[in-house]
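Coordinate analysis (summary)
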Amino acid sequence: MALGPNYKVKPRRRREGKTNYYKRYVYVLSRAIRLVVRLTNEYVIVSVMKFDPKGDITIASAHSIELVKKYGWKGDTNNTPAAYLTGFLAGLRAKKAGIESAVADIGLFTPTKGARVFYAIKGALDAGLKVPMGDIELDEDRIKGVHISEYAKKLEAENPEKFNKLFSRYLSRGLNPKDLPSHFEEVLNKIKSSGE
């Protein structure tokens, strides 16, 4: 750490690694409506926000716990299919609130190929929200959870004990992980028909 009379202490949120103030400054200058995607250890949170001098205003948002409480989702609340469904739900709500387009804000997340934040953005795109995303290739099978289903089949055949341990949360909720793609379609159809 630098010492001396000329050392300037950085803002608290910068020191904690929570805010990139340069990115924030650019967003504020553009006054663009942002599609904010945040991933935690357990959940996915997608919000559509606009800048206001007193503090950002949330126009529409979706939290992956809603998938469980309202739509009967039995999978994990922070995996790729949950990220897509949460983005889709936020996109529908934004469209209902009259928002046509937004700019993706992934915060301090490092963009990597196949990252869940891009699947959340893809969900909002599929809901009808215009979000510039570039040439990022996303696997349709990963959206539905086919990769989880195939891994579960392989693991159940090779090591049933490990299968029961790894997928204990799925099994306790009454979902066999091998049926995740069909369960995904079922929940997606419920969200579409809910009129959110």
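Notes on the structure follow. From a predicted model like this one, the values you see are computed outputs, not experimental measurements.

1. Remarks on helix 10 (residues 180-194)
Taking 1.5 Å per residue as the helical rise, helix 10 with its 15 residues ought to reach 21 Å, and the 21 Å between its terminal C-alpha atoms agrees with that figure. Three or more residues of helix 10 are buried, namely Leu 180, Pro 181, His 183, Phe 184, Val 187, Leu 188 and Ile 191. Each buried residue of helix 10 lies within a common arc of 160 degrees when the element is viewed along its axis, so the set occupies one face.

2. Thoughts on the packing of aromatic side chains
Following the criterion strictly, the structure yields five aromatic pairs and no others. Taken together, a centroid distance of 6.3 Å and an interplanar angle of 25 degrees make the contact between Tyr 84 and Phe 88 stacked. With Tyr 84 and Phe 88 both in helix 4 (residues 80-96) and four residues apart, this pair spans about one turn of that helix. On the numbers, 5.5 Å between centres and 45 degrees between planes, the contact of Phe 163 with Phe 167 is tilted. For Phe 163, a relative accessible area of 4% translates into the label buried. Phe 167 gets classed as buried once you look at its relative accessible area, which sits at 6%. Taken together, the ring pairs in this structure connect Tyr 151, Phe 163, Phe 167 and Tyr 170 into an aromatic cluster. Above the plane of the ring of Tyr 27 lies Arg 34, whose end atom (NZ or CZ) is 5.6 Å from the centre.

3. Some remarks on unusual backbone geometry
The backbone phi angle of Arg 31 is positive, close to 55 degrees, even though this residue is not glycine. Assignment of secondary structure puts Arg 31 in the loop between helix 2 (21-30) and strand 1 (34-39). Looking at Arg 31, the relative accessible area reads 56%, which means it is exposed.

4. Let's talk about a negative patch on the surface
There is a patch of like negative charges on the surface, built from Asp 139, Glu 140, Asp 141 and Glu 150. Relative to the helices and strands, Asp 141 resides in helix 6 (residues 140-144).

5. Re the pattern of salt bridges
Under the definition given, this model contains 13 salt bridges. Between Lys 18 and Glu 16 there is a salt bridge whose closest N-O contact spans 3.2 Å. Each of the salt bridges in this network shares a partner with another, and the network as a whole consists of Arg 24, Arg 34, Arg 38, Asp 56 and Asp 105.

6. Focus on the nonpolar core
In this structure, Leu 35, Trp 73, Leu 85, Ile 121, Leu 129 and Ile 191 are the most contacted members of the largest nonpolar core, which totals 46 residues. Contributing elements (two or more residues each) for this core: strand 1, strand 2 (44-50), strand 3 (57-63), helix 3 (64-71), helix 4, helix 5 (116-126), helix 7 (146-158) and helix 10. In terms of residues, this core owes the most to one element, helix 4, which gives eight residues. Apart from the residues within four sequence positions on either side, Ile 121 is in contact with Leu 35, Val 37, Ala 104, Ile 106, Val 131 and Met 133.

7. A look at the sheet that holds strand 1
In spatial order, the strands read 3-2-1-4; together these four strands make up an open sheet with mixed pairing. One side of each edge strand has no neighbouring strand; the edge strands of this open sheet are strand 3 and strand 4 (103-105). Within the sheet, the average angular offset between the axes of one strand and its neighbour, ignoring direction, is 20 degrees. Pairing of strand 2 with strand 3 involves six bridges; the strand directions are antiparallel. Directly across from Ser 47, in strand 3, lies its bridge partner Ser 61. Packing against the sheet, helix 3 makes contact with strand 2 and strand 3, and its axis sits at approximately 60 degrees to strand 3. The strands touched by helix 5 within the sheet are strand 1, strand 2 and strand 4, with strand 1 carrying the most contacts at an inclination of about 140 degrees.

Thresholds, definitions, all that
Residues numbered from 1 in each chain as written. Predicted model: local features only at pLDDT ≥ 70, side-chain atom pairs only at ≥ 80, totals over all residues. Heavy atoms only, no water. Helix = DSSP H or I, 4+ residues; strand = E, 2+ residues; numbered from the N terminus. Expected span 1.5 Å × (residues − 1). Buried < 20%, exposed > 50% of the residue type's maximum accessible area, 1.4 Å probe, protein only. Arc of directions from axis to C-beta. Phe/Tyr/Trp six-rings, centres within 6.5 Å; stacked < 30°, edge-to-face > 60°. Lys NZ or Arg CZ within 6 Å of the ring centre and 35° of its normal. Patch = residues over 30% accessible without salt bridge, like charges linked within 9 Å, V, L, I, M, F, W, Y side chains within 5 Å. Areas by Shrake-Rupley, 256 points an atom, 1.4 Å probe, with all protein chains shown as cover. Salt bridge = Lys/Arg side-chain N within 4 Å of Asp/Glu carboxyl O. Lys, Arg positive; Asp, Glu negative; His and termini not counted. Charge placed at Lys NZ, Arg CZ, Asp CG, Glu CD. Core = buried A, V, L, I, M, F, W, Y, C linked by side-chain atoms within 4.5 Å. Contact = heavy atoms within 4.5 Å. Pairing = 2+ DSSP bridges. Axes fitted to C-alpha atoms, helices over the stretch in contact; angles between N-to-C directions.

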